[in-house]
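Letter by letter, the chains look like this.
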Amino acid sequence: MKTGVYFCKCGTNISDKIDAEKVRDSLAKKYPGIHFKTVDFICSEEGQGAVEKDLAENNIERVVISACTPREHENTFMRMLSRAGLNPYLMQMVNVREQIAWVTEEKDRATEKAGRSIRSAVNRVQLHEPLQKKEIDICPDALVIGAGPAGLKTALTIAGSGRKVILVEKSPVIGGMPVRYEELFPDMECGPCMLEPLMAEILHGQYAQNIELLTMAEVTEVIGSYGNFVASIKQKPRFADMHTCIGCAECIEPCPVSTKNPFNCNLNERKAISFPFAGALPNAPFIDEKLCVTLQGGQCKKCQEACPVENAIMFDDSEKVYERTIGAIIIAIGSDLYDCRKLPNLGYGKLGNIYTSKEFERFMASNGPTDGQIRTAAGTAPSSIAIVHCVGSLDANHKEYCSGICCQYAFKFNHMIEKEIPGTRVYHFYKELVVPGKDEFSLYHHARSNPNATFIRYADIQDLSVSGEGKSNVIQYKDISGKCGSVNADMLILCPAVIPAEESGKLGKVLETARDQFGFFQELHGRLDSAQSKIKGIYLAGTCQSPMDIQKAMNQGMAAAGYILSGLVVGRKLEIQPVNAVVNSERCSGCRVCIGACPYKAISFDTEKEKAIVNDVLCQGCGTCVAACPSAAIKGNHFTNEEILAEIAEVLR
Amino acid sequence: MTDNNNFEPKIIGFLCNWCSYAGADKAGTAQTPYPPNVNVIRVMCSGRIDPQFVLKSFEQGADGVIILACHPGDCHYKEGNFLAVQRYRLLLRMLEPFGIEKERCRFDFVSAGEGDKFVRLITEMVDTVRALGPMKIPAQFP
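Residues numbered from 1 in each chain as written. Chains lettered and ligands numbered in written order. Predicted model: local features only at pLDDT ≥ 70, side-chain atom pairs only at ≥ 80, totals over all residues. Heavy atoms only, no water.

This part takes up the overall build of chain A. For chain A, the count of helices and strands is 16 helices and 34 strands. By the compact-globule yardstick of 26 Å for 653 residues, chain A is too spread out, its C-alpha radius of gyration being 33 Å. Seen along its three principal axes, the alpha-carbon backbone of chain A occupies a region of about 100 × 65 × 45 Å. Relative to all contacts within chain A whose residues are 6 or more apart in sequence, the contacts with residues 24 or more apart total 69%. Only carbon and sulfur atoms are counted for the fraction: they give 47% of the accessible area of chain A, which is about 27,900 Å². Between the averaged position of the 71 positive side-chain charges in chain A and that of its 78 negative side-chain charges there is a distance of 4 Å. (Helix = DSSP H or I, 4+ residues; strand = E, 2+ residues; numbered from the N terminus. Rg over C-alpha atoms; globule rule 2.2 N^0.38 Å. Contact = heavy atoms within 4.5 Å. Areas by Shrake-Rupley, 256 points an atom, 1.4 Å probe, with all protein chains shown as cover. Lys, Arg positive; Asp, Glu negative; His and termini not counted. Charge placed at Lys NZ, Arg CZ, Asp CG, Glu CD.)

Here's what the structure looks like:
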């Protein structure tokens with residue numbers, strides 16, 4: 001096989017330390033007649049042109065480039081080979097600049113080492129195979145799971161590029177948590193006002209025809225991989241047609257059955273047919289099958305009688321299963337709050353007038369259970385409110401991380417309380433105060449300068465103890481300096497740690513997507529790729545990945561969309577790098593060791609043939625399975641055992 | 001020890017592309033000199049390093065082998081370095097019965113920024129193997 005060795009002098013960077021003539025002589029001893037050329041700068045346009053010409057003129061079949069680190073110019077030289085009509089994988093680089101010339105003091109020894117390394121590369125390159133990139137057709141559409149801020153933003157961005165988006169939401173309403181909040185930090189923008197334009201775009205905007213919104217739905221199965229997933233989606237019956245319903249709410253009043261309303265944290269009642277809350281979108285009610293008299297076999301249909309539109313209420317609605325092909329999946333299912341009952345010293349669930357921040361948000365919402373009025377259980381305005389920060393956050397006994405958003409909404413509460421009931425005493429019990437960012441300081445300063453606000457820092461949340469005394473609660477505390485005291489609070493607001501959503505475990509299993517030590521979906525890289533999961537083609541947006549505020553969730557949604565728009569391009573096939581693992585099924589014993597070794601879940605098992613199969617799309621070419629296989633049945637392309645052993649053999653000769 | 005002063009050991013270094021190989025390049029760009037006794041074999045991930053590569057190296061005359069991986073948690077391929085550590089630990093248990101001192105086979109972590117650490121590890125490795133003297137290829141090598 002005619003092999004050409006191209007020795008880059010790199011100006012004097014290499015040639016000062018390594019004697020090219022001696023290298024040539026040492027090569028010729030082992031490989032008589034080998035084609036050897038020195039070039040001033042191979043990476044230059046001129047240098048590349050000269051090598052290209054030389055390759056063609058001399059019918060070179062294998063190439064060794066002795067130059068700098070392959071981490072710098074391997075791709076450059078691979079393209080050069082392609083231009084010369086050679087398969088780019090028929091080349092081996094020798095890093096004589098960074099790893100020999102620049103680090104070896106004696107010229108003789110540097111030359112000797114370079115010769116040895118080049119000989120070993122020549123020996124290796126004989127075994128190189130002409131590898132081909134594969135191309136597969138892709139589906140550019142996406143499945144977005146969760147219709148909160150992050151999911152909405154992602155869906156809208158992808159739909160805006162003309163692709164189809166299937167937007168799956170488990171509840172009957174879109175907009176996530178912030179749409180239920182009257183005002184949002186840092187600048188007291190009204191939650192529904194901020195999100196409604198976005199939701200209107202999703203439902204009726206320019207690209208709405210590209211978005212298939214499935215509420216009350218969940219993803220039950222996903223098969224396939226990046227570029228070609230098939231998802232099964234199960235949708236519960238809503239019993240109201242989102243398209244014909246005009247949202248007039250005439251059906252609600254006649255309904256004879258009531259229950260607690262979970263959309264208002266069970267703080268008020270709703271009917272069997274209801275809207276989650278006033279203004280909820282999509283603007284159509286849903287019927288609770290278990291409560292509805294008609295659906296339970298009784299005689300009623302009062303809602304249908306009251307409905308001014310024909311066929312808007314559909315008692316014959318049933319569960320549907322959809323199957324959709326998509327190229328990528330975005331998880332945007334949001335998060336939950338830590339159960340405050342796990343801190344019994346705070347009295348939540350036992351004593352009256354103690355609420356989580358989420359419950360308090362509903363109190364303050366004008367479409368909430370108290371129409372936006374802050375009232376104690378007795379129906380009076382509280383004269384003192386204690387806000388407990390860091391409930392379960394930054395706490396080795398509960399959640400070690402800081403939830404990042406609580407201080408900011410606590411200061412928002414301070415502001416809203418002051419506005420709603422001026423003169424109310426507010427106590428902030430906190431472990432740490434966290435207010436980063438260029439906008440967040442304003443609410444902080446406002447709270448700090450409020451003469452009715454008192455800040456008490458504790459070292460450990462166990463140093464707080466809440467007991468009920470008459471209509472008021474008493475908080476006994478020991479502050480960080482060890483000083484003890486107590487305050488009365490007519491109402492307590494607890495700021496619980498942000499935790500993974502309850503369904504993330506189930507969804508993680510369906511998507512085979514890893515979760516971190518806390519249960520949040522695990523990102524590919526905390527800083528470089530926090531919007532990518534560890535599975536190629538599955539992206540993360542919003543608090544399913546980590547506690548974060550709306551700004552970050554929106555940005556992450558955009559980032560996820562960006563990966564999809566640049567990775568799955570309409571009209572372009574997906575290129576699959578050939579440096580990956582290949583199973584020789586004749587040798588495969590079916591032991592499945594490789595499946596456990598693969599960090600990308602790229603290997604599956606054919607139970608019929610009892611053989612392992614590598615998915616080319618998911619394989620990243622690390623070669624971990626190749627080393628793991630006890631039968632040597634997996635070949636690591638471009639890093640085969642034979643190639644590596646040839647390199648070792650010659651280096652030690 | 002004095003007998004080995006003129007002995008130049010041949011050492012094979014298995015480096016993963018993303019961290020330790022980049023660390024070696026970093027030593028290069030900083031032009032920090034180190035002994036030229038280690039010949040580097042680049043693999044994409046330390047998880048690719050088959051223990052047989054190490055045994056073959058010894059069989060074919062290597063006086064030492066050094067395996068360098070990404071730091072725990074930094075692996076470009078998520079967890080290949082953990083498998084590499086596990087394999088290294090098992091491998092060490094195989095070396096002694098063959099009469100190969102375990103000091104001849106070293107494992108460590110080098111990040112892309114740790115050019116200095118790379119130089120230190122290589123220098124130490126060369127000193128260690130030089131002190132041990134040439135490999136005596138065991139009779140019952142597989």
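As a further point, take the overall build of chain B. A count of helices and strands for chain B gives four helices and four strands. In chain B, the succession of α and β elements from N to C terminus is β-α-β-α-β-α-β-α. When burial is assessed residue by residue, chain B has 59% of its 142 residues classed as buried. Counted over contacts in chain B with a minimum sequence separation of 6, partners at least 24 positions apart contribute 81%. Accessible area for chain B stands at about 5,700 Å²; split by element, carbon and sulfur atoms hold 53% of it. The centroid of the 16 positive side-chain charges in chain B is displaced by 5 Å from the centroid of its 16 negative side-chain charges. (Buried < 20%, exposed > 50% of the residue type's maximum accessible area, 1.4 Å probe, protein only.)

Moving on, we get to the sheet that holds strand β23 (residues 472-478) of chain A. In any sheet, the strands associate via hydrogen bonds between backbone groups, in a parallel or an antiparallel arrangement. Residue and element names in this part refer to chain A. Ordered by their spatial adjacency, three strands build an open sheet running β22-β23-β24, and the pairing between neighbours is antiparallel. Of all the strands in the sheet, just β22 (464-469) and β24 (484-489) have a single pairing partner and so form its edges. For this sheet the average axis-to-axis angle between neighbouring strands, irrespective of direction, equals 20°. The pairing of β23 with β24 spans six bridges and is antiparallel. Note on β24: the bridge partner recorded for Asn473 is Ala489. (Pairing = 2+ DSSP bridges. Axes fitted to C-alpha atoms, helices over the stretch in contact; angles between N-to-C directions.)

The next point concerns the sheet that holds strand β9 (residues 217-225) of chain A. All names here are of chain A. In spatial order, the strands read β9-β10-β15; together these three strands make up an open sheet with antiparallel pairing. One side of each edge strand has no neighbouring strand; the edge strands of this open sheet are β9 and β15 (320-326). Averaged over neighbouring strand pairs, the angle between their axes works out to 20° when direction is ignored. Note that strand β10 (residues 228-235) and β15 share seven bridges and pair antiparallel. When the sheet's bridge partners are listed, Ile233 is paired in β15 with Tyr322.

Another aspect to go through is the interface of chain A and chain B. Taken together, the contacts link 39 residues of chain A with 45 residues of chain B. Carbon and sulfur atoms supply 57% of the area buried between chain A and chain B, which totals about 3,800 Å² over both sides. Where chain A meets chain B, there are two salt bridges. Summed over the shared surface of chain A and chain B, the number is 18 residue pairs in polar contact (both at pLDDT 80 or more). Mapped onto the side of chain A that touches chain B, the elements with two or more residues apiece are α3 (70-83), α4 (96-101), α5 (107-125), α15 (624-628) and α16 (641-651) of chain A. The greatest single-element share of the side of chain A that touches chain B, amounting to seven residues, is contributed by α16 of chain A. Looking at the side of chain A that touches chain B residue by residue, the class counts come to 18 nonpolar, eleven polar and ten charged. (Buried area = accessible area lost by both parts, 1.4 Å probe. Salt bridge = Lys/Arg side-chain N within 4 Å of Asp/Glu carboxyl O. Polar contact = N/O pair within 3.5 Å; in protein donor to acceptor, adjacent residues only side chain to side chain. Nonpolar A, V, L, I, M, F, W, Y, C, P; charged D, E, K, R; others polar.)

This part covers the nonpolar core. As a rule of thumb, soluble globular proteins bury nonpolar side chains together. Membership of the largest hydrophobic core comes to 95 residues, with the highest contact counts inside it found for Ile18 of chain A together with Phe14 of chain B. Among the domains, domain 1 (3-125) and domain 4 (577-637) of chain A are the pair contributing at least three residues each to this core. Excluding anything up to four places from it in sequence, Ile18 of chain A contacts Phe7, Val23, Val96, Ile100, Ala101, Lys107, Ala110, Thr111 and Ala114 of chain A. In terms of nonpolar packing, the next biggest core, distinct from the first, is built from 43 residues, Ala147, Ile174, Leu213 and Phe277 of chain A among them. (Core = buried A, V, L, I, M, F, W, Y, C linked by side-chain atoms within 4.5 Å. Domains from an automatic or database assignment.)

A full pass over the atoms with the stated rule returns one disulfide over all chains. Two residues share a disulfide in this structure: Cys190 of chain A and Cys193 of chain A, whose sulfurs sit 2.2 Å from each other. Since a negative S-S torsion denotes a left-handed disulfide, the Cys190 of chain A-Cys193 of chain A link at about 85° is right-handed. Cys190 of chain A gets classed as partly exposed once you look at its relative accessible area, which sits at 21%. Taking relative accessible area as the criterion, Cys193 of chain A reaches 49% and is therefore assigned partly exposed. Its sulfur unpaired, Cys10 of chain A is 5.1 Å from the next cysteine sulfur, which belongs to Cys8 of chain A. You can see Cys105 of chain B has no disulfide; the closest cysteine sulfur is in Cys16 of chain B, sitting 16 Å from it. (Disulfide = S-S within 2.5 Å.)

The domain architecture assigned to chain A consists of domain 1 (3-125), domain 2 (142-236 + 319-334 + 501-567), domain 3 (337-499) and domain 4 (577-637). One C-alpha centre belongs to domain 1 of chain A, the other to domain 2 of chain A, and the line joining them spans 49 Å.

This next bit is on the pairing of strand β19 (residues 384-391) of chain A. Residues and elements named next belong to chain A. Burial analysis of β19 places eight of its eight residues in the buried class, the great majority of the element. Note: β19 against strand β20 (residues 425-430), five bridges, orientation parallel. Residue pairing in the sheet places Ile387 in a bridge with His428 of β20. Handedness of the crossover joining β19 and β20 through helix α10 (residues 406-420): right-handed. Across five bridges, the pairing between β19 and strand β25 (residues 491-496) is parallel. In the sheet register, Val391 faces β25, and the bridge partner there is Pro496. (Right-handed = clockwise from strand over helix to strand, strands pointing away.)

Following the criterion strictly, the structure yields 38 salt bridges over all chains and no others. Of the charged contacts, one joins Glu650 of chain A and Arg653 of chain A as a salt bridge, the two residues approaching to 2.7 Å between their closest N and O atoms. Residue class for Glu650 of chain A comes out buried when judged on its relative accessible area of 1%. Assessed through its relative accessible area of 54%, Arg653 of chain A is described here as exposed. Measuring nitrogen to oxygen at the nearest pair gives 3.5 Å for the salt bridge that ties Glu59 of chain B to Lys56 of chain B. With a gap of three residues between them, Glu59 of chain B and Lys56 of chain B both fall in helix α2 (residues 51-59), about one helical turn apart. Residue classification places Lys56 of chain B among the partly exposed positions, given a relative accessible area of 30%. One network of salt bridges, with partners in common, ties together Arg106, Asp108, Lys117, Arg120 and Glu124 of chain B.

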